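Remarks on the overall topology
Each chain, letter by letter, is given below.
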Amino acid sequence: MVFEQMWRDLAPVGRSAATGGYHRQPWTAVDAELRAWFREEAERRGLAVEQDPLGNLVAWWRPAGTEGARPVLTGSHLDSVADGGAYDGPLGVVSALAAVDLLRERGTVPTRPVGVAVFVEEEGSRFGLACLGSRLATGQATWADVRHRRDAAGTALEDALAAADLGDDPAATGPDGLRWGWLADVEAFVELHVEQGRGLVDLGAPVGVAAGIWPHGRWRLDVTGRADHAGTTRMEDRADPVLTFAMTALAASKQARLAGQRATVGRVEVHPGAANAVPSRVSAWLDARADTEEALAQLVAGIERQARDRAARDGTALEVTAESVSPRIAFDADLAQRLAAGHERGGWPVLWTQAGHDAGVLAAAGVPSAMLFVRNPTGVSHSPEEHAEVPDCLAGVEALADALARLAA
Ligand code: HGY
Ligand code: MN
Ligand code: MN
Ligand code: MN
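Residues numbered from 1 in each chain as written. Chains lettered and ligands numbered in written order. Predicted model: local features only at pLDDT ≥ 70, side-chain atom pairs only at ≥ 80, totals over all residues.

As annotated in an unreviewed UniProt entry, the protein chain is N-carbamoyl-L-amino-acid hydrolase from Nocardioides perillae.

Pasting the structure below:
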């Protein structure tokens, strides 16, 4: 079956032999391979591929007579977190292409153009800003805001992009050049995604519909202390930023747990990184999520307060920088209802998610957006363990095809 064939073709791209996880960072050789795969699949189907200067892609199915009609958009992303799973992102892209196939098999001819989109750097795994591609496409970030961002190796985004040689210069297109003016005319965007928790397992449903996304964001914590000898420096004479960091990570976990919210420190850099030296600086990334914007602000402020108290005790200096913040998103209720109700088995459950998505960014820009989730048996995501069973994936393709048929008819 075509779905499984596409899945097999993608499987080795960016896969670590050691862990089975994926390393699919934007503007790398692996990214070029993913991009080529998508182009080939689109062209095989006679879809016209457009690429913006950042590398966002849209493959268009434009049957005769759809000129001038408001388009319907689907798709997702192909990038991954470091050592991520196979499904987060690619499932939405593969399912979108499979849904086009299914509509054609059924003889459904849409009366609107149908676009399959691939947004770049959704995870923000390279340059720190989640949903970079869709933020730029919708004007929620500008090229001037982001061009000087650096990855872990110190490469600036503008240089990474130039090296990727996508054939277009984002700087030359001007501050608004990346904006997709036509997005304002989109009838609906439906992103299919693997579920990243156990909501559908608990509900016993293969497919669900997203009600909305919790507000969430990333904050960079830079703690500066004083480098010194690990042996000769008395414990009371140190200014050790690792202590400030460690107590902050504990405080973050405790505060989030008590409040029923989420706080994670998934990335830490200790400088200069010598086992026998008191470190000079720690950079840590706090990911925090909460059910309301007020609760999120309170959570982050509470963590910051404890970090500052601790820094004062340790003789270190703390700097907090917001790297990316996403507001609470309630998806178009009407659209969600139509997606949920439109199934012969009596409808799909509707559920909230704590994970960010390009659909959230498009929704924030005023594009009527919705999401379909496919059951994940263990709920594990952002990990090589992430999984979805083929029958559930096929149910997802069907649900997406049904949604597209209704929206584009
Ligand atoms: O990090 C997230 O929420 C998402 O999976 N991009
Ligand atoms: Mn993800
Ligand atoms: Mn994703
Ligand atoms: Mn020595």
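What follows concerns the UniProt feature "binding site: allantoate" (unreviewed entry) in the protein chain. Here, UniProt's "binding site: allantoate" (unreviewed entry) annotation points to R218, N276 and R289. On the basis of their most widely separated C-alpha atoms, the annotated residues across 72 residues do not gather in one place, lying as much as 36.1 Å apart. R218 sits in the buried class, given 22 other C-beta atoms within 10 Å. Beyond its immediate sequence surroundings of up to four residues, R218 is in contact with G128, W285, L286, D287, E323 and S324. Within the secondary structure, N276 is located in the loop between β9 (262–271) and β10 (277–278). The class for N276 is exposed, based on 7 C-beta atoms found within 10 Å. Leave out the neighbours within four places in its chain, and N276 touches A230 and G231. (UniProt positions renumbered as here; feature names shortened; annotations may be inferred. Buried ≥ 20, exposed ≤ 12 C-beta atoms within 10 Å, placed from the backbone. Contact = placed C-beta atoms within 7 Å. Helix = DSSP H or I, 4+ residues; strand = E, 2+ residues; numbered from the N terminus.)

Another point: the UniProt feature "binding site: Zn(2+) 2" (unreviewed entry) in the protein chain. Under the feature "binding site: Zn(2+) 2" (unreviewed entry), the UniProt entry names D88, E123 and H382. Spatially, the listed residues are clustered: although they cover 295 residues, their C-alpha atoms lie within 9.9 Å of one another. Position of E123 relative to the elements: it lies in the loop between β4 (114–119) and α4 (132–138). On the neighbour-count criterion, E123 (21 C-beta atoms within 10 Å) is buried. The contact partners of E123, leaving out residues within four places of it in the chain, are D79, S80, V81 and A130. Assignment of secondary structure puts H382 in the loop between β15 (369–374) and α12 (390–407). Beyond its immediate sequence surroundings of up to four residues, H382 is in contact with V81, G84, G85 and D88.

Attention now moves to the packing of helix α1 (residues 2–10) against helix α3 (residues 90–105). Interhelical geometry of α1 versus α3 gives an angle of 145° and a closest axis separation of 9 Å. The hand of the α1/α3 crossing is right-handed. Contacts between α1 and α3 involve V2, F3, M6, W7 and L10 on the former and, on the latter, P90, V94, L97, A98 and D101. When the residues that make up the contact of α1 with α3 are grouped by side-chain class, the tally is nine nonpolar, no polar and one charged. (Axes fitted to C-alpha atoms, helices over the stretch in contact; angles between N-to-C directions. Left-handed = near helix turned anticlockwise from the far one by under 90°. Nonpolar A, V, L, I, M, F, W, Y, C, P; charged D, E, K, R; others polar.)

Taking strand neighbours across the sheet as the criterion, the four strands line up as β9-β11-β7-β12 in an open arrangement whose pairing is antiparallel. Either end of the sheet is taken by a strand with one partner, and the two such strands are β9 and β12 (317–326). Within this sheet the neighbouring strands show an average axis-to-axis angle of 15°, counted without direction. Summarising the sheet, strand β7 (residues 216–224) and β12 pair through nine bridges and their orientation is antiparallel. Each residue of the ladder has a partner; that of V223, found in β12, is L318. Packing of helix α8 (residues 241–259) onto the sheet brings it into contact with β7, β9, β11 (281–289) and β12, and relative to β9 it is tilted by some 170°. (Pairing = 2+ DSSP bridges.)

Another aspect to go through is the nonpolar core. Looking at soluble globular proteins, one finds that nonpolar side chains tend to be buried together. Counting residues in each nonpolar core, the largest one holds 109 residues, and the members touching the most others are A99, V209, A370, L372, L400 and L404. Of the residues forming this core, the biggest block, ten residues, is contributed by α3. Three or more residues apiece are contributed to this core by two domains, here domain 1 (2–214 + 328–407) and domain 2 (216–326). In this structure L400 touches T74, S95, A96, A99, V190, L192 and L372, once residues within four positions along its chain are discounted. (Core = buried A, V, L, I, M, F, W, Y, C linked by C-beta atoms within 7 Å. Domains from an automatic or database assignment.)

Attention now goes to the site of ligand 1. Around ligand 1, the surrounding shell consists of D88, E122, E123, A130, A355 and G356. For the shell around ligand 1, the per-class residue count stands at two nonpolar, one polar and three charged. (Near = placed C-beta within 6 Å.)

Below, the discussion takes up the domain arrangement of the protein chain. You can read the domains of the protein chain as domain 1 (2–214 + 328–407) and domain 2 (216–326). Placing the centre of domain 1 and that of domain 2 at their C-alpha centroids yields a distance of 33 Å. In this assembly, nine residues from domain 1 lie in contact with eleven residues from domain 2. A breakdown of the residues in the side of domain 1 that touches domain 2 according to their chemical character gives three nonpolar, five polar and one charged.

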